[in-house]
Every structure is written in structure tokens, then in C-alpha cells.
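# Chain and residue survey
Below are the chains, spelled out letter by letter.
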Amino acid sequence: MARKVGITDVVLRDAHQSLLATRMRTEHMLPIAEKLDRVGFWSLEMWGGATFDTCLRYLKEDPWERLRALKAAMPRTRMQMLLRGQNVVGYRNYADDVVEAFVGRAAADGIDVFRIFDALNDIRNMQVAIKAAKKAGAHVEGSFCYTTSPAHANKTFVDLAKALEAIDCDSICIKDMAGILAPDVAYDLVRELKDSVSIPIHLHTHCTTGMAIAATLKAVEAGIDLVDTAISSLSMGTSHPPTETVVAMLRGPGEDPLLDLRLLAEIAEYFKDVRRKYREFEMDYFVVDANALAYQVPGGMLSNLEKQLKDQNALDRMPEVLAEIPKVRAELGYPPLVTPTSQIVGTQATLNVLLGERYKMIPKETKDLVRGYYGRPAAPIDPEVQRKAIGDETPILGRPADQLKPEMETAKREATAAKSQEDVLSFALFQQVAKEFFEAREGVGRLPEDLVAALAVALVHASPAAAPPPATATAAARGSAWKSAARLEAVRHGRHGGRF
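Residues numbered from 1 in each chain as written. Predicted model: local features only at pLDDT ≥ 70, side-chain atom pairs only at ≥ 80, totals over all residues. Heavy atoms only, no water.

## Examining the sheet that holds strand E4 (residues 113-116)
- Spatial strand order, E1-E2-E3-E4-E5-E6-E7-E8: eight strands in a closed barrel with parallel pairing. Strand-to-strand, the axes of this sheet are offset by a mean angle of 30°, without reference to chain direction.
- Most of the contacts of helix H9 (residues 212-221) go to strand E7 (residues 201-205), to which it runs at about 170°, and overall it touches E7 and strand E8 (226-229). (Pairing = 2+ DSSP bridges. Helix = DSSP H or I, 4+ residues; strand = E, 2+ residues; numbered from the N terminus. Axes fitted to C-alpha atoms, helices over the stretch in contact; angles between N-to-C directions. Contact = heavy atoms within 4.5 Å.)

## Things to note about the packing of helix H7 (residues 154-166) against helix H8 (residues 183-196)
- The geometry of H7 relative to H8 is characterised by a closest axis approach of 10 Å and an angle of 35° between their N-to-C directions. Crossing of H7 over H8 shows right-handed handedness. Only Val185, Asp188, Leu189, Glu192, Leu193 and Ser196 of H8 make contact with H7, whose side of the interface consists of Asn154, Phe157, Val158, Ala161, Lys162 and Glu165.
- Taken together, the residues of the contact of H7 with H8 break down into six nonpolar, two polar and four charged. (Left-handed = near helix turned anticlockwise from the far one by under 90°. Nonpolar A, V, L, I, M, F, W, Y, C, P; charged D, E, K, R; others polar.)

## Quick notes on the packing of aromatic side chains
- Enumeration according to the criterion identifies twelve aromatic pairs in this entry.
- Here a set of aromatic residues connected by ring pairs shows up, and it is made of Trp47, Phe52, Trp64, Tyr91, Phe102 and Phe430.
- In this arrangement the basic side chain of Lys218 is found over the ring face of Tyr187, its NZ or CZ atom lying 5.1 Å from the centre. (Phe/Tyr/Trp six-rings, centres within 6.5 Å; stacked < 30°, edge-to-face > 60°. Lys NZ or Arg CZ within 6 Å of the ring centre and 35° of its normal.)

## Considering the confidence of the model for the protein chain
- Mean pLDDT for the protein chain: 88, with 86% of residues reaching 70 or above.
- The low-confidence segment residues 455-500, where pLDDT is below 50, has 81 contacts with residues more than four positions distant or belonging to other chains. (pLDDT = per-residue confidence, 0-100.)

## A few points about the environment of Pro336
- Checked against the element boundaries, Pro336 lands in the loop between helix H14 (318-331) and helix H15 (341-354).
- Look at Pro336 and you get buried, because its relative accessible area is 2%.
- Among residues more than four places away in sequence, those in contact with Pro336 are Ala119, Leu120, Asn121, Cys145, Thr147, Met177, Arg329 and Thr341. (Buried < 20%, exposed > 50% of the residue type's maximum accessible area, 1.4 Å probe, protein only.)

## Description of the environment of Arg413
- Turning to its location among the elements, Arg413 is positioned in helix H18 (residues 408-414).
- A relative accessible area of 59% means that Arg413 is categorised as exposed.
- With eleven residues separating them along the chain, Arg413 and Val424 place their C-alpha atoms 9.2 Å apart.

## Re the pairing of E4
- Side chains Val113 and Arg115 of E4 all project onto a buried face; the interleaved residues Phe114 and Ile116 project onto the opposite face, where all are buried too.
- Relative to E4, strand E3 (residues 79-83) runs parallel, the two being bridged by four bridges. Counterpart to Gln80 in the pairing with E4 is Val113.
- You can see the chain leave E3, run along helix H5 (residues 96-109) and come back into E4, and the turn it takes is right-handed.
- Sheet topology places E4 next to strand E5 (residues 139-145); four bridges connect them, and they run parallel. Looking across to E5, one finds that Phe114 is bridged to Val140.
- The β-α-β motif built from E4, the intervening helix H6 (residues 127-135) and the parallel element E5 has right-handed crossover chirality. (Right-handed = clockwise from strand over helix to strand, strands pointing away.)

Okay, here's the thing in C-alpha cells:
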């Protein structure tokens, strides 16, 4: 049984997105890359999701450099990313030319597997990305977001899987963001999928509710082809089932383990030390929370929601916000809670609670969801909420991206500090954030030398191996020191800026 199941480890992406607010730096990934490459994982998820934004916004790292560096360091292992369909790695729909250019460049720089999903399970929002990834020769894993509601059933997801297979996906992912897939349901769903489509089925789930290990095992019993895990030192909680645990469970009597448990133990020990470096980003509100079965909040959203409420000195209001989330979700047509709909629903629920009046303030993103700009919801939107959000305006019915004009030529003209096609794409996706990153990269607005020296000393204490030269070094070296120190400063200040 074990040898038929491929393992995707998510330690370099979703594990730290779920537990450490996506703050792991490339310098803490590269030293263990050689061992990760020797394990024999089906793939390593190491890019996409929130990592792109966080690299630019908080870490002042180039996400494209991370991709190329990890690909070079792990040539034997498939590199996998999470792509939000028409949202790419952002929080809105982008024009088709941006999607096509991004996917093509990501494949050229090292992505082998594109896991593509849409927050509303609207396949119209996935088609351009799927075609672009196929054109680039990559493996396309079409994904549906698993959720429960009066508008969802196993048949819903089987029909989605059939539609994804029909548009040339190479595999199907059950994307259970909040860990709400019950073991028996996992078994039944996988069996139905295996009976309905001919391509491999992949399970992605989280440990938020405590059911993920059992659900993974039941999925294996039902014939799942691939499963996601996280190395044990960055597993559990709002993260994923431990890799070593799953590998050990899948070993049959008298069989060798599917993967080398001793090598996995060495990797786990390494990440145990790395995790300590990011203690300030740890979420301490939940370990296992069965209430997530009701509010269905995914791990990455939980960690950042906690930080947002802390910043407002309102962490004590967390239970109220969590109780409000399913109400807002129902009123907005039962969207699965995954980026960007998790941010939209979470922000609206938070405003409803903190302002003391429901829908007193309605952000643009909520209005755009109601307008149909994110796609087709699973159920009708509450008429009263629709009236409050957009008045008598008629929501669109077509593919949302059809409303958009091409964006790449404008980005090329306006990204004056861009040095590569990758820079232009970063600018197209996150204009202001990319501009600030370009400035930091060039050392614009350098700090006084005495402050540079002080920050350099701080960096020595934070990471001795990455210590920059002192302020008494050459001008070029001082510039390098400033950049390193600025990155440290960005990380420290960034801990208060996380999104839901």
C-alpha cells in the first residue's frame, strides 16, 4: 500500500504560512535543501500562496530568486507552487496577459507542478492558468476547495473534478484548507472520485480540527494517489499531518518505510532549530480547535487573524469574530474560506464585531464579491446584504476577467526600476510593494552609518552566519550591510502587518 502513495511535503510553503505567518526566509531553506532533495518526495511545495507577497512586502527578498535558488539546490525533486487561478498570487483578478506571463515565467524559472484553484470553485477563473501551465509543459493539478454548507455535497466536488479532467488537468487535488474533512467522508469522497475520473487524486488537509491524520489514512484506504504532509517539527496545529507519522503508518508488515525515516528525522531536527528563530510569529491561540468545523477558518487565516486582533488590542474579541464568520459566509453565498475569500469574509466579520453594527462598513472587496467580480458563488447572496453593498446595481454574470483590459504593457512602462521580466511581473501583481522592494534592493534612502552599524550588530545576534560587514568597511560593503540590516528591520516591523 505504501509504495503506491506519493508524498508532497509542504514545509517550505504552507507549513510556515500556517504556523509562522509565512515568514521563513530563503537563507533558512537552502542549508537543508540537499537532504530534502534526497528524500524522494513526489514533490515539494515551496512557492506560491502567500510566500510571494511576503517575500516582497516583509522579508525584502526576491521571490523569483528564491524559486531559482531552491530549484538549483534540489534538481531531483519536483518544485510545486500554489496558484490562485486568475488571482495568481495576489488578492484580485488579474488580466489574462498577466496570468499567462506569470505562469510561463514561473515554469521557466523552475516550477514543475502548478496546483491551481479558485476561491469560489469557479472553473472559469482557472482556465487561462491551466492552459498556460500546459503550454509550458508543466504538470497541472486542478484543485477544488473542500467545504461544507447547504450548497455543497460530494456530488458537487465530483462534478468539479470531472470538469477539471475535461480541460486537461493532470491530477486533481482535494484542497481542505481548514481541516474539516471527516475521515469517513474522506473515504467516500476519494472512492467516488476514483470511480469518476481517471487521473491521480491528491489530498491536501490541515490538522486544525484534529482529524487530518485519520482523514489521510482513510483516503489512503480508499485509493488516494498522493497526500500532503509537513515535516514533524512544523506540523500539527493549523499545519499538516507529520510526514514521519504518515510514512510510518503506511508501512506494511515486514516492509521498509516508504521514505527514509532517519533522513526525515535529521530534516525535522533542522527545522526544529529554524522554528525557534521565528518564535515571535507563532500563533498561540489554538492547538486543536474542533469549533473550526463550524467557522471553517483555514490555518493561514487563523494565524494572521490573531495578529490583526492583537494589533487592535482586541484579541479577547476572537470568539465573537469566529462566531460571526459563518454568518457572513452564509450571507455571501457560502464561499469556501481560502484566499482571497477568507480575507474578505474575515475582514467583514471583524468589522461587524468591532464596529458594533453589522455591515456598518463594507470594504470594496466585499462589494466586489457581491458584484460578481470574483466569480459565481455556490448559493445566492442575501438580498439585504446585496442591497447594502451595491444598492440597485446588477451583478455581472460572465467570466470576471472579461471585464479587465490587458495589464502587462502598462506594467512594463511604469516599472521603471525593473531589471528583468520577473521584476515587471512583481510590479504588475503588487505595484507599490514591488516599488518599495526595488528601492530597498538598490539601497535608496540609506541610513546614517552609525545606525547601519547598530543594525548590523543586531543582525549578527539574530543570524551570525549572515552577519554583514561593519560600517568601517568599503562603501560597497556598507551598501550590502544596509540591505541586510534593512531586511532584518523589515522582518521585525512586518510582524504587525500580516493579512488575514
